[in-house]
Amino acid sequence: GGKKNQMTRHIQYVCAVAFFLLHSSSAFVVARSSPGPYLAPLRSVSSDKSSEAPPVNIGWDSHKAVSEVPDSLVRVGDGPEGNHPMRVKFEQMCRSAQIEITKAIADIDGEATFQEDCWTRANGGGGMSRVLSGGRVFEKAGVNLSVVYGSMPQEALQAATERGVDRAAGMKPGERVPFFACGLSSVMHPRNPHCPTMHFNYRYFETDGGVWWFGGGTDITPSYVNADDMAHFHGTYKKVCDKHDPSFYPKFKEWADRYFVIGHRNETRGLGGIFFDDLNDRPADDIFEFSKEALGSVVKAYGPIIEKHKDDPYTEEEKEWQQIRRGRYVEFNLVYDRGTVFGLKTGGRIESILMSLPLTSRWEYDHKVEEGSREWDFLDACKHAREWV
């Protein structure tokens, strides 16, 4: 029992580290009113190759604001030895997706624009955030890019692997394992209760010794069940999955249904999507292409749903229900989301950690829905996972 509990804690720890680093960067910066071009790279920062690798909880004041975005936050010599070309390729993919997705969302909104921030860290890496607030269609939307160098305990990495991969091979007992991580994450909160919230995160990890893996996914959180919308969203990702591996969609759809559960409510946050982690069972270039296509399908899967419903009429009662569901979103993120919890406990930058939360939400004491109502149907879908395609 003791070993099992210890392993559980290790798994929770490493997952918290991973999700915090890529869902919510631990540093934020001075804002620029509009995004600019990528300019000259910053001065190279030397890395510490000894066992005294920088800790994961780098601290709220470890960042440096920059007014000019560097060509790349990935530099030769930073972090553990590994696949530098893949690091660069993944970061550039994330940068391109960040630009394309924020442009598409701003076009759909028609009024608000994204504010961009950029920062670097002394031990290497950094990030860029683009956040939109107070739009005509979107109350809040954000897309964050993060490149992180740090270290983790060996046992945390060993306990977290699902296929017995020794991510600390060749290291001395007790020695921390240096790692590299790069990812792009986003949350979109529309105003209209007939427009769903959407979240995505795609990431790439390496540890010292050449061990690597990919993770990510896209999920959707409406307030009401619309079977056509869910068929479009899930169908878009099923096509992406089927193109690369027919086993991906059923496996990753079920994984999303498991992960996004609000335990104390015994219901999911929303109506799922795809979710995967620790994926390294085939060539890295193959998984990169899958991740690239999944990330590149965000607007295709989500945009038409928002365009379809952004001007739908709605009642005060429907808006109140949306706010109650937003409250559930907050509950999941603050209580169960590994990245948020880890960030709050390790001195992360609060504005970045809480970017995923909606501007407004609602809690009502002992709230009940009428059996047979549309609200009841949505809760039923959150308690009993449905197949949409």
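Residues numbered from 1 in each chain as written. Predicted model: local features only at pLDDT ≥ 70, side-chain atom pairs only at ≥ 80, totals over all residues. Heavy atoms only, no water.

Looking now at unusual backbone geometry. Here Asn 266, not a glycine, exhibits a phi torsion of approximately 55°, which is positive. Along the chain, Asn 266 falls in the loop between β9 (261–262) and β10 (267–268). According to the relative accessible area criterion, Asn 266 is exposed, its value standing at 57%. The residue Asp 278 is not glycine, and still its phi comes out positive at about 55°. (Helix = DSSP H or I, 4+ residues; strand = E, 2+ residues; numbered from the N terminus. Buried < 20%, exposed > 50% of the residue type's maximum accessible area, 1.4 Å probe, protein only.)

The next point concerns helix α11 (residues 374–383). Inspection of α11 places Glu 375, Phe 378, Leu 379, Ala 381 and Cys 382 among the buried residues, and these make up the whole buried set. Viewed end-on, α11 has its buried residues packed into an arc of 155°, placing them on one side of the element. Taken together, the buried residues of α11 touch β10 and α8 (316–336). (Arc of directions from axis to C-beta. Contact = heavy atoms within 4.5 Å.)

What follows concerns the packing of helix α2 (residues 84–109) against helix α6 (residues 284–296). For the pair α2 and α6, the least separation of the axes is 11 Å and the interaxial angle reads 10°. Our classification of the angle between α2 and α6 gives roughly parallel. Residues Met 86, Lys 89, Phe 90, Met 93, Ala 97 and Ile 101 of α2 pack against Ala 284, Asp 285, Phe 288, Ser 291, Lys 292 and Leu 295 of α6. By residue class, the composition of the contact of α2 with α6 is 8 nonpolar, 1 polar and 3 charged. (Axes fitted to C-alpha atoms, helices over the stretch in contact; angles between N-to-C directions. Parallel < 35°, antiparallel > 145°, perpendicular 65-115°, else oblique. Nonpolar A, V, L, I, M, F, W, Y, C, P; charged D, E, K, R; others polar.)

What follows covers the packing of aromatic side chains. Counted by the stated rule, this structure contains 25 aromatic pairs. When the ring of Phe 179 is compared with that of Phe 205, the centres are 6.2 Å apart and the planes differ by 25°; the resulting orientation is stacked. Pair noted here: Phe 179 is in strand β6 (residues 177–190) and Phe 205 is in strand β7 (residues 197–207), with a separation of 26 residues, a long-range link. Given a relative accessible area of 2%, Phe 179 falls into the buried group. Exposure remark for Phe 205: the relative accessible area of 2% places this residue in the buried category. Here the aromatic residues Phe 200, Tyr 202, Phe 248, Phe 252, Trp 255, Tyr 259, Phe 260, Phe 275, Phe 276, Phe 290, Phe 332 and Tyr 336 are joined through ring pairs into a cluster of three or more. Directly above the aromatic system of Phe 180 lies the positively charged group of Arg 87, at a separation of 4.7 Å from the ring centroid. (Phe/Tyr/Trp six-rings, centres within 6.5 Å; stacked < 30°, edge-to-face > 60°. Lys NZ or Arg CZ within 6 Å of the ring centre and 35° of its normal.)

Such coordinate-based values are descriptive only and should not be taken to indicate function.
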